[in-house]
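Notes for the structure review
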Amino acid sequence: MSWNEGVEKHRLRGLLELAPDAMVVVDQAGMIVFVNTQTERLFGQHQEEVIGRPVEILIPERFRERHRGHRENFSAEPRVRPMGANLQLFGLRKDGTEFPVEISLGPIETAEGIFVASAIRDITERKRAEQVLRDTNRALETQTAALQSQEELLKIFVKNVPAGVAMLDREMRYLQVSDRWCTDYFPGRTQILGRSHYELFPDMPERWKEVHRRALQGETLRASEDYWEGQDGPHWARWEVRPWKTAEGAVGGILILAEDITHRKQMEQALSGMTRKLIESQEQERARIGRELHDDVSQRLALLAFELSEIQNHNDLPSEVQGRLQELHQMTSDISKGVHNLSHELHFSTLDYLGLVSGMRSWCEEYGLRQKLEIDFKSRDVPKLPREISLCLFRVAQEALHNAAKYSGVKRIEVQLTQSSGEIHLIVNDLGKGFDIESARRKLGLGLTSMQERVRLVGGTIVIDSKLTAGTTIHVCVPFSAEHSSQAAR
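Residues numbered from 1 in each chain as written. Predicted model: local features only at pLDDT ≥ 70, side-chain atom pairs only at ≥ 80, totals over all residues. Heavy atoms only, no water.

1. Points about the overall build of the protein chain
For the protein chain, the helix and strand inventory stands at 17 helices and 15 strands. Here the protein chain, with 490 residues, has 40% of them falling under the buried criterion. Pairs at least 24 apart in sequence give 51% of the contacts found in the protein chain among residues at least 6 apart. About 28,300 Å² of surface is accessible on the protein chain, with carbon and sulfur atoms providing 53% of the total. (Helix = DSSP H or I, 4+ residues; strand = E, 2+ residues; numbered from the N terminus. Buried < 20%, exposed > 50% of the residue type's maximum accessible area, 1.4 Å probe, protein only. Contact = heavy atoms within 4.5 Å. Areas by Shrake-Rupley, 256 points an atom, 1.4 Å probe, with all protein chains shown as cover.)

This is how it looks when you write it as structure tokens:
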């Protein structure tokens, strides 16, 4: 039976294309004569690949006999069978993947005979939702059956969990502890259950006792890093404290989930100390080289320029020699300026004499003139700061301006240095080319690493916001207190 074009077929095709489901039309022999666009999308096959082939090519082999029987049973008396959802099995995509479908069959009467239309709907999401519902019901049934033994189950869980966990009653007596808890806090002890938490930790800070009291009232509290001084020295922990409830719903006690991070923090401190010493050594070397360039090399270049000028003043020299001496004199002057600028980059003594605000403003003016940039420097309410913080902010500003001058493509850069709510803020902003932050992070150049390490060592944060063609903003925030100010003044 053919599916020839005509006005009637043209209208049918239009209606089938409007259907939200995949529509497959087959003849009495089960051969595909038409599929709509949704069918092509759902099965990943074009019309040319399926027209004239058995409809069962869209069904996994193990379901084909079932589908064929269902289709042939429908075809026997199609006029008395309205279209309806009457078959669920699996569809088969071109790439071999299977997915659950719902198939509804309906007759299409034409002058050439009766065809069968299959509406095929992808029910993957429905099946997932049904599975989630079944799992939820099963969990609720299990929870209801085990409600009376909830406390015992919790004890079993605490004992076997691979983390530091302790279960205590309302009197802060141990009901159960994990093996990891024993390893971290009670190495060598055997009798723990039934004993008081405060008996085993006699130096427990009062603030932690307050955490326990709040948890017994129903709160859940946590800290990513917590420090305290124990009898055996300093300790750090990451912890969470939450209530556990009885079968009746009352708070039966608390669960303490804790991880001893003392070793990690000690390693971080050691690494920070090494980094700090490295930066201090770097600054000392910068200062030494800067002074040597300024006091020695610059002086020698100045003397050389003077000598060349003196020779140039001799009138008996040929014009060619005079011209060459003029070139050498200019080259020497340019080198002298370059060395002077480099010595200021390495060791900007104005920072020590005048403080951060005046030093940074002076350097921005000098650098702007050298690079032919307009650097708009603004400051507000910045007090005298310790040298470590001042030097950190100055070096970050230097690096940020170097990068902006080299890569942004703009001639105007804004620098803001302010104090607000006990914090010092440094913002360097340009409206230039910008860059892809993720790509820069993967490469992580030395300049960016240096800025991050300097800011971290003074307890601050640095945020870099940049988008292609939308500019770059670097925002550094360093905590500041009156104690810092008094230390800087001494």
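2. Comments concerning the environment of T39
One can find T39 in helix 2 (residues 37-43). You can call T39 buried: its relative accessible area is 4%. A C-alpha to C-alpha distance of 10.0 Å links T39 and P20, two positions 19 residues apart in sequence. Setting aside residues up to four positions removed in sequence, T39 forms contacts with A22, M23, V24 and G44.

3. A few points about helix 9 (residues 206-216)
Within helix 9 the residues assigned to the buried category are W208, V211, H212, A215 and L216. End-on, the buried residues of helix 9 take up no more than an arc of 135 degrees, which puts them together on one face. G218 sits one or two positions beyond helix 9 and adopts a positive phi of about 115 degrees. (Arc of directions from axis to C-beta.)

4. Brief notes about unusual backbone geometry
Apart from glycine, the bulk of residues carry a negative phi angle, and the bulk of peptide bonds sit in the trans form. Of note in this structure, D381 is not a glycine but carries a positive phi near 55 degrees. With respect to the helices and strands, the residue D381 is situated in the loop between strand 11 (374-380) and helix 14 (387-408).

5. With respect to the packing of aromatic side chains
Evaluation of the coordinates by the stated rule reveals 7 aromatic pairs. Measuring from centroid to centroid gives 5.6 Å for F63 and F90, while their planes differ by 20 degrees, and the two rings are stacked. Of this pair, F63 sits in helix 4 (residues 61-76) while F90 is found in strand 3 (residues 84-92), placing the two residues 27 residues apart along the sequence. The class of F63 is buried, set by a relative accessible area of 16%. Three or more aromatic residues link up through ring pairs in this structure, and these residues are W363, Y367 and F394. Positioned over the ring face of F90 is R62, at 5.9 Å from the centre of the ring. Over the ring of Y198 we find K209; its NZ or CZ atom is 5.2 Å from the centre of that ring. (Phe/Tyr/Trp six-rings, centres within 6.5 Å; stacked < 30°, edge-to-face > 60°. Lys NZ or Arg CZ within 6 Å of the ring centre and 35° of its normal.)

6. Let's talk about the pairing of strand 15 (residues 471-479)
Sheet analysis places strand 13 (residues 423-430) next to strand 15, joined by 8 bridges and oriented antiparallel. Bridge assignment links L426 to a residue of strand 15, and that residue is V476. Pairing geometry for strand 14 (residues 461-467) and strand 15, over 7 bridges, is antiparallel. Each residue of the ladder has a partner; that of K467, found in strand 15, is G471. (Pairing = 2+ DSSP bridges.)

7. Here's the deal with the side chain of R454
Within the secondary structure, R454 is located in helix 16 (residues 446-457). On the basis of relative accessibility, which here comes to 6%, the residue R454 falls in the buried class.

8. Re the nonpolar core
One finds M360, L393, L401, L417 and L426 to be the most contacted residues of the largest nonpolar core, which totals 37 residues. The set of elements that each furnish at least two residues to this core consists of helix 13 (356-371), strand 11, helix 14, strand 12 (412-420), strand 13, helix 16 and strand 15. Here this core takes 10 residues from helix 14, the largest share from any one element. The residues contacting M360, other than those within four sequence positions of it, are F377, L393, F394, A397, V415, L417 and L426. (Core = buried A, V, L, I, M, F, W, Y, C linked by side-chain atoms within 4.5 Å.)

9. Observations concerning the side chain of D21
Secondary-structure assignment places D21 in the loop between helix 1 (7-18) and strand 1 (22-26). You can call D21 buried: its relative accessible area is 14%. Only 2.7 Å separates the side chain of D21 from the side chain of R121, close enough to count as a polar contact. Setting aside residues no more than four positions away along its own chain, D21 makes contact with N36, Q38, I120 and R121. (Polar contact = N/O pair within 3.5 Å; in protein donor to acceptor, adjacent residues only side chain to side chain.)

10. A short note on the pattern of salt bridges
Charged atoms that come close allow side chains of opposite charge to pair. According to the stated counting rule, one finds 23 salt bridges in the structure shown. Residues E49 and K94 are paired through a salt bridge, measuring 2.6 Å at the closest nitrogen-oxygen approach. Remark: K94 occurs in the loop between strand 3 and strand 4 (98-110) and E49 occurs in helix 3 (residues 47-50); sequence separation between them is 45 residues. We classify E49 as partly exposed; its relative accessible area is 25%. Across the pair R213 and E210 runs a salt bridge, and its minimum N-O distance is 3.1 Å. Remark: E210 and R213 occur in helix 9; sequence separation between them is 3 residues, near one turn of the helix. (Salt bridge = Lys/Arg side-chain N within 4 Å of Asp/Glu carboxyl O.)

11. A few points about the sheet that holds strand 15
Across the sheet, 5 strands lie side by side as 11-12-13-15-14; this open sheet has mixed pairing. In this open sheet, the two edge strands, each paired with only one partner strand, are strand 11 and strand 14. Strand-to-strand twist across the sheet, computed as the mean angle between neighbouring axes with direction ignored, equals 10 degrees. Of the pairings in the sheet, the one linking strand 11 to strand 12 comprises 7 bridges and is parallel in character. If you follow E374 over to strand 12, its bridge partner there is R412. Most of the contacts of helix 13 go to strand 11, to which it runs at about 170 degrees, and overall it touches strand 11, strand 12 and strand 13. Each of strand 11, strand 12, strand 13 and strand 15 touches helix 14; the most contacted strand, strand 13, lies at about 10 degrees to it. (Axes fitted to C-alpha atoms, helices over the stretch in contact; angles between N-to-C directions.)

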